[in-house]
Amino acid sequence: MVQAAVSAGPFADRLRRTAQLRSRHAFARELLDFYGAVLGVQEKAYQEALSAKPTAVDLVAYVAEMVMPAVANVSIAAGPARLQGAVAARLESSDPREIVAAWVAGEEQVVIDRFLARASLGPVLEALGPDVAASCIGLRDRQHCPSCGGPPQLSYFAIASEDLAAGGRFLLCARCLGSWGYTRMTCPGCGESTSSRLPIFSEEGTASGERGSVVRGLQGKLGDRTGEPHNAVFSHVRIEACQSCRRYVLSIDLASDPAAVPEVDEMAALPLDLYARERGFTKIIPNLMGF
């Protein structure tokens, strides 16, 4: 079970939100339990990286030697059965440094390698900031993180008090968890900006759902009890898709739910991922848990 966080920093918010959503969404409880266990390991790695301050030159070796063993251990102890076996087998046959280096280089990876690399590297990059993140390989264009060149994991709309220079919409990096402003009604995958090519799918009863395509009946299908008005399970989350590149991201509206933590809420909204996939869309990049 996810325990409430007592420490400060980004992981306290993530652990708090994971515990909230675990109690709210029974269908996501197993996934969120495992995610909460991984967050505990990542929080420790984040704090240790703040103290150790490895340089960009030492980044791959540091992550492989100091963080990945703990990620592997928690995956084997608390992960789904299929993941437990895959992690053990992969680390017996591969050099952890090669797994981390491939993610740093932006190479295509099999699911298990991407999970191990992301879970291990993410908190270290987050602790060390843009100077070290700059050593990662990737495009530095509108669709990629300006710090590390990673792809966008999700889109979110900021609350009113935040910088609205980019129209209030931000993208969150899958690699370093940095954010950057991005134009509304523009595909984060290919840059398409023709509104008729950018379908939005939201639940029935939400403001977005009334304007765009409607996702109906999630609460009945999931047997979920959220207390949300109009029976919406994810009243603050929507699917932002693109008919040009056939990709999508989930978008979290912090104005609708200020308690939301985008990377956690996106993780819990897996029924919306399944809805998008059923309609032929592919996520720009799966999240840490593979959805």
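Use the structure listed above.
## Some details on the overall build of the protein chain
Piece 1. A count of helical and extended segments in the protein chain gives 12 helices and 8 strands.
Piece 2. Residues counted as buried form 52% of the 291 residues belonging to the protein chain.
Piece 3. Expressed as a percentage of contacts within the protein chain between residues at least 6 apart in sequence, the contacts between residues at least 24 apart total 60%.
Piece 4. With the model as given, the accessible surface of the protein chain reaches about 12800 Å², and the carbon-plus-sulfur share is 53%.

## Structural notes on the side chain of Ser75
Piece 1. Within the secondary structure, Ser75 is located in helix 4 (residues 68-78).
Piece 2. The class of Ser75 is buried, set by a relative accessible area of 0%.
Piece 3. In terms of polar contacts, Ser75 uses its side chain to reach the backbone carbonyl oxygen of Val71, at 2.7 Å.

## Regarding the pattern of salt bridges
Pairing of side chains with opposite charge becomes possible as their charged atoms draw close.
Piece 1. Inspection of every chain in the model, using the stated rule, returns 13 salt bridges.
Piece 2. Across the pair Arg14 and Glu263 runs a salt bridge whose closest N-O atoms are separated by 2.6 Å. In this pair, Arg14 is assigned in helix 1 (residues 10-24) and Glu263 in helix 11 (residues 262-268), connecting sequence segments 249 residues apart.

## Re the side chain of Asp113
Piece 1. By the element assignment, Asp113 lies in helix 7 (residues 111-128).
Piece 2. If sequence neighbours within four positions are ignored, Asp113 has contacts with Arg90 and Ile99.

## Quick word on helix 6 (residues 96-104)
Piece 1. Of the residues making up helix 6, those classed as buried are Ile99, Val100, Ala102, Trp103 and Val104.
Piece 2. Summarising the contacts, the buried residues of helix 6 are in contact with helix 3 (59-66), helix 4, helix 5 (81-93) and helix 7.
Piece 3. Capping of helix 6 at its N-terminal end is provided by Asp95; its side-chain oxygen lies 2.9 Å from the backbone amide nitrogen of Arg97.
Piece 4. In the stretch just after helix 6, Gly106 is the one whose phi turns positive, near 75°.

Thresholds applied
- Residues numbered from 1 in each chain as written.
- Predicted model: local features only at pLDDT ≥ 70, side-chain atom pairs only at ≥ 80, totals over all residues.
- Heavy atoms only, no water.
- Helix = DSSP H or I, 4+ residues; strand = E, 2+ residues; numbered from the N terminus.
- Buried < 20%, exposed > 50% of the residue type's maximum accessible area, 1.4 Å probe, protein only.
- Contact = heavy atoms within 4.5 Å.
- Areas by Shrake-Rupley, 256 points an atom, 1.4 Å probe, with all protein chains shown as cover.
- Polar contact = N/O pair within 3.5 Å; in protein donor to acceptor, adjacent residues only side chain to side chain.
- Salt bridge = Lys/Arg side-chain N within 4 Å of Asp/Glu carboxyl O.

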